[in-house]
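# Results of the structural survey
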Amino acid sequence: MDTISLNRHTPLYTIAKHSTFLSLPPPSNSHRRLSSPNNNQFRPKRIQMSTAADPTLQPDPTNYDRLRELKQFDDSKIGVKGLVDRGLPTIPRFFVHPPDPDTSTEPGSSTRTRTSIPVIDFSAPRSTLVKQIRDSASALGFFQIVNHGIPPETINRLLSSARSFNELPEEEKARFYSRDMSHGAAFSTNFDLYQSNAASWRDTLQLRLAPTPPDWDHVPENCKDAIVDWDKEVARFGEELMGLLCEGLLGSENAGLLKEMSCLDTRIMVAHYYPYCPQPELTKGLSSHTDPGVLTVLVQNVVPGLQVK
């Protein structure tokens, strides 16, 4: 599996894997995101509320029905951001993850060896690119790309539109909240909310961009143009990158192999939003996982927390 990160003033990461899509945020190879930093400048205004009046937020520890709590939260359609906006002092129990030493941010707390992520300059001669991509894909499966040719304004507009959607009033976002991808678009908290052992502290907008575009009535209005522009750029870049990858691993005569196998025909985009968390030490923004696609192009904004292993 391969991961690449693009950086032309705005970081962008890409992962090549054994499946069929390009996707925007999640991270890499096997990767995760820690929860939001505990920074008081992001703390929302505290709102007084009764636990009894809103059992979704604070389950009774003596009578905890996890499935019921999950369903109450999901049916509320407020997402993680809605919990934050209510001034929640502690996170609901179903967001709590068991201790994992690999996610610790304390200096020297991890026993894993730190590895530098390769940086590949896309303005280099093709022969250099082919070698660097082959070496990075074979050895680590994760690399960062600079001078990738995707306009900064396209990336910034995409990030800005995703953030502005997530920061809309609850009632405006609620009409998009769904787990039904039949329309090619859905907004929810965790794809696997009911299947995972612990929920992650994030909300996600997911879209199917190809081969069939989404029903645009089910896509937030402020995101549509930015997503269309991004998809054009990432499809072009993905085709070029796949050619270099095939040439490096299989020889120049096979540079078009992944395209011939229709690996560019399906594209999925996901935009994760990680709001402030009152207890970041107890949860994660994104659990360790491997993306299922042939290639993942990841854009990360200025908030730290991405881990690759």
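Residues numbered from 1 in each chain as written. Predicted model: local features only at pLDDT ≥ 70, side-chain atom pairs only at ≥ 80, totals over all residues. Heavy atoms only, no water.

## Section: the packing of helix α3 (residues 126–139) against helix α6 (residues 224–250)
It is at 8 Å that the axes of α3 and α6 come closest, and there the two elements cross at 75°. It follows that α3 is roughly perpendicular to α6 by the angle criterion. Packed against α3, whose contacting residues are Arg126, Leu129, Val130, Ile133, Arg134, Ala137 and Ser138, the element α6 presents Leu241, Gly243, Leu244, Leu245, Glu247, Gly248 and Leu249 at the interface. When the residues that make up the contact of α3 with α6 are grouped by side-chain class, the tally is eight nonpolar, three polar and three charged. (Axes fitted to C-alpha atoms, helices over the stretch in contact; angles between N-to-C directions. Helix = DSSP H or I, 4+ residues; strand = E, 2+ residues; numbered from the N terminus. Parallel < 35°, antiparallel > 145°, perpendicular 65-115°, else oblique. Contact = heavy atoms within 4.5 Å. Nonpolar A, V, L, I, M, F, W, Y, C, P; charged D, E, K, R; others polar.)

## Focus on the packing of aromatic side chains
For any pair of aromatic rings, the description consists of the separation of the ring centres together with the inter-plane angle of the planes. As enumerated under the stated definition, the model contains eight aromatic pairs in all. Judged by centre distance (4.8 Å) and plane angle (40°), the ring pair of phenylalanine 94 and phenylalanine 95 falls under tilted. We note that phenylalanine 94, like phenylalanine 95, is buried. Put simply, the rings of Phe73, Phe94, Phe95 and Trp201 pair up and form one aromatic cluster. The ring of tyrosine 64 carries arginine 93 above its face, with NZ or CZ at 4.2 Å from the centroid. Positioned above the aromatic ring of phenylalanine 191, the side-chain terminus of arginine 202 is 6.0 Å from the ring centre. (Phe/Tyr/Trp six-rings, centres within 6.5 Å; stacked < 30°, edge-to-face > 60°. Buried < 20%, exposed > 50% of the residue type's maximum accessible area, 1.4 Å probe, protein only. Lys NZ or Arg CZ within 6 Å of the ring centre and 35° of its normal.)

## Some details on the side chain of serine 188
Here serine 188 lies in strand β6 (residues 185–188). Beyond its immediate sequence surroundings of up to four residues, serine 188 is in contact with Tyr177, Ser178, Arg179, Asp203 and Thr204.

## Remarks on the pattern of salt bridges
Tallying each qualifying case throughout the model produces 16 salt bridges. Aspartate 75 is the partner of lysine 71 in a salt bridge, and the nearest nitrogen-oxygen pair spans 2.7 Å. In this pair, lysine 71 and aspartate 75 are both assigned in helix α1 (residues 66–76), four residues apart and thus about one turn of the helix distant. Residue lysine 71 is classed as partly exposed on the basis of its relative accessible area, which comes to 45%. Here lysine 259 makes a salt bridge to glutamate 239, at a shortest N to O gap of 2.6 Å. One end of the pair, lysine 259, is in helix α7 (residues 257–260); the other, glutamate 239, is in helix α6, and 20 residues separate them in sequence. (Salt bridge = Lys/Arg side-chain N within 4 Å of Asp/Glu carboxyl O.)

## Considerations on the nonpolar core
Taken as a class, soluble globular proteins show a tendency for nonpolar side chains to be buried jointly. Counting residues in hydrophobic clusters, the biggest one holds 40 residues, and the most contacted among them are Phe122, Ile133, Leu207, Ile227, Trp230 and Met269. It is α6 that contributes the most residues to this core, nine residues altogether. Here leucine 207 is in contact with Met181, Gly184, Ala185, Pro214, Val219, Ile227, Arg267, Ile268 and Met269, once residues within four sequence places are set aside. (Core = buried A, V, L, I, M, F, W, Y, C linked by side-chain atoms within 4.5 Å.)

## Looking at α1
Every α-helical turn comprises 3.6 residues, leaving residues that sit three or four positions apart pointing alike. Looking at α1, one finds that the buried residues are Glu69, Leu70, Phe73 and Asp74. Down the axis of α1, the buried side of the element spans an arc of 130°, and every buried residue falls inside it. On its buried face, α1 sits against α2 (79–85). Put simply, aspartate 65 is the residue that caps the front of α1, since its side-chain oxygen is 3.4 Å from the backbone nitrogen of leucine 67. Following α1 by one or two positions, lysine 77 has its phi on the positive side, about 60°. (Arc of directions from axis to C-beta. Polar contact = N/O pair within 3.5 Å; in protein donor to acceptor, adjacent residues only side chain to side chain.)

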